[in-house]
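# Inside the fold
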Amino acid sequence: MRGRIPDNFIDELLTRVDIVDVIERRVPLKKAGREWTACCPFHNERSPSFYVSPQKQFFHCFGCGAHGSAIKFIMDYDRLEFPDAIEELAQSVGMKVPYEGGRDDKPREDRSDLYSLLDDAASFYQRELDNSAEARAYVDRRGLDDEIVKRFRIGWAPAGFDGVLKALGTSDRRRQLLNEAGMVASNERGNRYDRFRERVMFPILDRRGRVIAFGGRVLSSEQSPKYLNSPETPLFHKGRELFALWQVKQAHQHLTRIMVVEGYMDVIALHQAGLPIAVATLGTATTPEHAEVLFRAAPDVYFCFDGDRAGRQAAWRALESILPRMRDGRQAHFLFLPDGEDPDTLVRKEGKDGFEKRMKESMPMSEYFFEELARDVDVTRIDGRARLAERARPLIAKLPDGAFRDLMAQELERRTGAKAVLEAEPAPQKTAAPRPSGGGQRSLVRSAITMLLAQPALAEEVEIPYPFLRYNRNGVDLLAELIDIARSRPGINSAVLVENFMDRPEYPALQKLMQLGLLVDPDAQRSEFRGALINMQNQAVSDRREYLIAKSREEGLDDTEKTELRVLLAARATPAPADGE
């Protein structure tokens, strides 16, 4: 299950859509032999290196490395999350997305009327802003121009208890929707009233640009609470959403950095100053879900907080949330502001260039990590260094395997002198896709998987039981599983085959292997695949023979093993097919 969308539906969707049609609606393609090509939409280039394979239903750019199925293209090009990309593709071919959630799979409830109502509410608040001299004065005083007010759809919730109720609650159904959307509340007597009153209103948008909630800010600091957000609703979960993420993605085709600040006005001030990279959490600390969304949006994430105790506590919670997501290539930075300043006031004083300078001088996550852990520790003493090591080890162990984790462990050892022995994460039950062997050559298993991904129909040529299963190497179980899937679904294309592994650790490696066979001749693919399987079988026989010979010398063999060894010594290896066979 991927995001509660059944796997079989995703497979059927990828079978129904044509990746060439999906991409050509967004990028002009030209025929190039069996493939289609274009200048890559994900990086700047003069000559085409972006290829689309209708046979494999897969795209790949040989310039920047972007690759994947139609789903991945929609996610990257339209900047959508996985469920929204599925919805977009399904709608294009007239399919309804089912969502798993009980004994029976049921279609997700249609929420279009709820989205429509919230959009109407945003329009209502926008109109009310123009009708309120007090609210307009506040907006002008904060220096917001008309363009930024329009971009963020800033509005005003008027005084009174029934402004929204009167304007939008024109039927029983509409009043019910207002309640579901969190736009109205009820008192002890059951009387309904507007949740937002006398507040500047900021619509909160989802990743498809639809209004899903609101944040409201009072005009005076004497009023409380300063900010009021919509409650949790069927559309709005504050631990997953980020204010202004939609606006940030619309401002950048290739987003390389994103910044988390604390308030709506901080976000808007930075956007207006020419830094449309700012987002804000919605009245909650940075969650693991936020961290994943941030790193999907950009490889560099900046966290901007006040330099006081509360700001440092918020920064540390953010750091703890991002640790398990700090894969190689991702970077996090921490920017602490001077006392009494926030991004809004600071960017007004120092301008875009001044704020950019502060970003360049921000602390890398690694530096902040060790500085904060050693804040109350005397690292000149042995016991102090031991305490630092004790604190740091379990946190470094949360980092994904890779160069960054290794370097953090080395840095801990350098600072403390203590070996950074980390608790290993339990290995996944499934064997990951094999890595390339030395010299840049593919291993036999890797070669077989690559060719199978390029031409899934090759699975039909493999004998049952699979003779290569005795080949005791990394990736054999994965190869067998791929063959099983391809044999069970005749005609399956490469993209559908790989998407079966989307939620598994093998998925990135399989995507990379699929690229390698993209432009290989089909006859050459078949020859390499057959040759790899035969060589695996031969090597398995050789390995077993050498094992039995060694055992006979050290501890002796039983009668069954003696018979097996005689057969193996008499057997000759099966020759691999020559090219073209």
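Attention here is on the structure that accompanies the text. Owing to the predicted nature of the structure, the values given are computational and were not obtained by experimental measurement.

So, about unusual backbone geometry. In this structure, P465 follows I464 across a cis peptide bond, with omega equal to -5 degrees. The backbone of R153 sits at a positive phi, close to 55 degrees, despite the residue not being glycine. Looking at the secondary structure, you find R153 in the loop between α7 (146–151) and β8 (155–157).

So, about helix α1 (residues 7–16). For an α-helix the count is 3.6 residues per turn, leaving residues at separations of three or four pointing the same way. Among the residues of α1, F9, I10, D11, L13 and L14 are the ones counted as buried. In the core, the buried residues of α1 are packed alongside α3 (70–77), α4 (82–92), β6 (98–99) and α20 (494–499).

We now examine the pattern of salt bridges. Within the structure shown, the criterion is met by 37 salt bridges. Residues D76 and K72 are paired through a salt bridge, measuring 2.6 Å at the closest nitrogen-oxygen approach. Here K72 and D76 lie together in helix α3, a separation of 4 residues that amounts to about one turn. Residue K72 is classed as partly exposed on the basis of its relative accessible area, which comes to 25%. The salt bridge involving E292 is made with R325; its shortest N-O contact spans 3.4 Å.

Core analysis: the biggest nonpolar cluster contains 106 residues, and F243 and F334 have the highest contact counts within it. A total of 9 residues in this core trace back to one element, the largest contributor, which is helix α5 (residues 112–131). Dropping the residues within four chain positions of it, F334 is found in contact with F303, A315, A318, L319, I322, S362, M363, M365 and Y368. Counting residues in each nonpolar core, the second largest holds 70 residues, with F50, A480, F501 and A540 among its members.

With that out of the way, let us pick up the side chain of D300. Structurally, D300 can be placed in strand β16 (residues 300–306). Despite its burial, D300 pairs with no opposite charge; the closest candidate is R257, at 7.8 Å N-O. Non-local contacts of D300, meaning those with residues more than four positions away in its chain, are made with T256, R257, I258, Q331 and H333.

We now examine the environment of V261. When you line up the elements, V261 lands in strand β14 (residues 257–261). Residue class for V261 comes out buried when judged on its relative accessible area of 2%. Residues V261 and R526, spaced 265 residues apart in sequence, show a C-alpha to C-alpha distance of 54 Å. Sequence-distant contacts of V261, defined by excluding residues within four places in its chain, comprise D266, V267, L270, A278, V279, A280, T281, C304 and P343.

Another point: empty space enclosed by the protein. Tallying each qualifying case throughout the model produces 1 cavity of 30 Å³ or more. In this structure, the largest cavity encloses a volume near 40 Å³. What lines the largest cavity is D78, R79, R207, L245, W246, K249 and Q250. For the lining of the largest cavity, the per-class residue count stands at 2 nonpolar, 1 polar and 4 charged.

Attention now goes to the packing of aromatic side chains. Scanning the entire structure with this criterion turns up 25 aromatic pairs. The interplanar angle of 65 degrees and the centroid separation of 5.7 Å between the aromatic rings of F42 and F73 together place this pair among those described as edge-to-face. Highlighted residues: F42 in the loop between β2 (35–38) and β3 (50–53) and F73 in helix α3, separated in sequence by 31 residues. Measuring from ring centre to ring centre gives 5.4 Å for F336 and Y368, while their planes differ by 50 degrees; the resulting arrangement is tilted. Of this pair, F336 sits in strand β17 (residues 331–337) while Y368 sits in helix α15 (residues 365–373), and the two are 32 residues apart along the sequence. Each member of the pair F336 and Y368 is classed as buried. The ring of Y115 carries R210 above its face, with NZ or CZ at 4.0 Å from the centroid. In this structure, R312 is placed above the aromatic ring of F336, and the distance from its NZ or CZ to the ring centre is 4.1 Å.

By the element assignment, I148 lies in helix α7. Separated by 29 residues in the primary sequence, I148 and D119 have C-alpha atoms spaced 18 Å apart.

To continue, consider the packing of α1 against α4. Where α1 contacts α4, the axes come no closer than 10 Å and their chain directions differ by 45 degrees. In terms of orientation, α1 and α4 fall into the oblique class. Remark: the crossing between α1 and α4 carries left-handed chirality. Across from F9, I10 and L13 in α1, the residues of α4 making contact are F82, I86, L89 and A90. Broken down by class, the residue content of the contact of α1 with α4 amounts to 7 nonpolar, no polar and no charged.

Calculation criteria
Residues numbered from 1 in each chain as written. Predicted model: local features only at pLDDT ≥ 70, side-chain atom pairs only at ≥ 80, totals over all residues. Heavy atoms only, no water. Helix = DSSP H or I, 4+ residues; strand = E, 2+ residues; numbered from the N terminus. Buried < 20%, exposed > 50% of the residue type's maximum accessible area, 1.4 Å probe, protein only. Contact = heavy atoms within 4.5 Å. Salt bridge = Lys/Arg side-chain N within 4 Å of Asp/Glu carboxyl O. Core = buried A, V, L, I, M, F, W, Y, C linked by side-chain atoms within 4.5 Å. Lys, Arg positive; Asp, Glu negative; His and termini not counted. 1 Å grid on protein atoms, 1.4 Å probe; cavity = no way out; pocket = protein on both sides within 12 Å on 5 of 7 lines; lining within 4 Å. Points joined across faces, edges and corners; volume = space filled by probe spheres on them. Nonpolar A, V, L, I, M, F, W, Y, C, P; charged D, E, K, R; others polar. Phe/Tyr/Trp six-rings, centres within 6.5 Å; stacked < 30°, edge-to-face > 60°. Lys NZ or Arg CZ within 6 Å of the ring centre and 35° of its normal. Axes fitted to C-alpha atoms, helices over the stretch in contact; angles between N-to-C directions. Parallel < 35°, antiparallel > 145°, perpendicular 65-115°, else oblique. Left-handed = near helix turned anticlockwise from the far one by under 90°.

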